[in-house]
Amino acid sequence: MTLDSLVRFFRNSLSPAQPESPEDHEQTLRVATAAILLETAYADHSLSSKEESRILEFLQQKFDISEDMARELVEAAEEMRGQTIDHWNVTNTVRKSFPLIDRIQIVKAMWRLVYLDGDLHQYENYMVRKMADLLGLEHHVMIEAKLAVRKELALAGED
């Protein structure tokens, strides 16, 4: 699936002209996941090399793909992001395709990204909360994911 077809898919997701093949759907889902993580990483207006590495690691593990394939996903998500990203369409694609446990994993990956630099920017917190809501996580589930990541990262105190 080309970037143009991905962009068209997300723009026309409510009434696609033709159904996606299973391969195209899987690729769309992968790019949507990468886009969600990129949006989170850019919430503080920059993407650090540590954040990019963490995104690549997550995509490799989540989809059992090579680093090169993960980089291609990030590049496609970056291009899509540059043309304006519709958070609802992207998260809705993931929400409809992944069970709750997988969506929680994505939200945990988002929390790991925002805590990577040791400083939770106000907009990062907002972005994770917004995306978690759009992914269909109830507030208490999102908070449990946040607390689990804080514990995992040995972060003290409350934001």
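Refer to the structure above for everything that follows.
Definitions and cut-offs
- Residues numbered from 1 in each chain as written.
- Predicted model: local features only at pLDDT ≥ 70, side-chain atom pairs only at ≥ 80, totals over all residues.
- Heavy atoms only, no water.
- Helix = DSSP H or I, 4+ residues; strand = E, 2+ residues; numbered from the N terminus.
- Contact = heavy atoms within 4.5 Å.
- Areas by Shrake-Rupley, 256 points an atom, 1.4 Å probe, with all protein chains shown as cover.
- Axes fitted to C-alpha atoms, helices over the stretch in contact; angles between N-to-C directions.
- Parallel < 35°, antiparallel > 145°, perpendicular 65-115°, else oblique.
- Nonpolar A, V, L, I, M, F, W, Y, C, P; charged D, E, K, R; others polar.
- Salt bridge = Lys/Arg side-chain N within 4 Å of Asp/Glu carboxyl O.
- Buried < 20%, exposed > 50% of the residue type's maximum accessible area, 1.4 Å probe, protein only.
- Left-handed = near helix turned anticlockwise from the far one by under 90°.
- Patch = residues over 30% accessible without salt bridge, like charges linked within 9 Å, V, L, I, M, F, W, Y side chains within 5 Å.
- Lys, Arg positive; Asp, Glu negative; His and termini not counted.
- Charge placed at Lys NZ, Arg CZ, Asp CG, Glu CD.

A. Local environment of the overall build of the protein. What the protein contains, in helices and strands, is eight helices and zero strands. Helices (α) and strands (β) of the protein occur, in sequence order from the N terminus, as α-α-α-α-α-α-α-α. By sequence separation, contacts in the protein at least 24 residues apart represent 71% of the contacts at least 6 residues apart. About 8,500 Å² of surface is accessible on the protein, with carbon and sulfur atoms providing 48% of the total.

B. Representation of the packing of helix α6 (residues 100–115) against helix α7 (residues 122–134) within the structure. In the contact formed by α6 and α7, the axes pass within 10 Å of each other and the chain directions differ by 175 degrees. It follows from the interaxial angle that α6 and α7 lie roughly antiparallel. From α6, V107, M110, W111 and V114 reach across to α7, where they touch E124, N125, M127, V128, M131 and A132. Along the lines of polarity and charge, the residues of the contact of α6 with α7 split into eight nonpolar, one polar and one charged.

C. Up close: the pattern of salt bridges. Taken as a whole and assessed by the stated rule, the structure comprises six salt bridges. Between R30 and E26 there is a salt bridge; the shortest N-O distance is 3.2 Å. With a gap of four residues between them, R30 and E26 both fall in helix α2 (residues 22–41), about one helical turn apart. Look at R30 and you get buried, because its relative accessible area is 14%. A residue is classified by how much of its surface remains accessible, and E26, at 31% relative accessible area, is partly exposed. Here R112 and E152 are joined by a salt bridge, their closest N and O atoms 2.7 Å apart. One end of the pair, R112, is in helix α6; the other, E152, is in helix α8 (residues 139–152), with 40 residues separating them in the sequence. For E152, a relative accessible area of 48% gives the class partly exposed. Among the ionic contacts, a cluster of salt bridges with common partners joins E52, E67 and R71.

D. Broad picture of the packing of α6 against α8. Orientation of α6 relative to α8, taken along the N-to-C sense of each, is 50 degrees, at an axis distance of 9 Å. As far as their axial angle goes, α8 and α6 are oblique. With respect to the hand of their crossing, α6 and α8 are arranged in right-handed fashion. Within the contact between the two elements, α6 uses I104, V107, K108, W111, R112 and Y115 and α8 uses V141, M142, A145, K146, A148, V149, R150 and E152. Split into classes, the residues belonging to the contact of α6 with α8 amount to nine nonpolar, no polar and five charged.

E. How the structure looks around a negative patch on the surface. Together, D68, E72, E75 and E79 line one region of the surface with negative charge. Mapping E75 onto the fold places it in helix α4 (residues 67–82). Judged by relative accessible area, which is 51%, E75 ranks as exposed.

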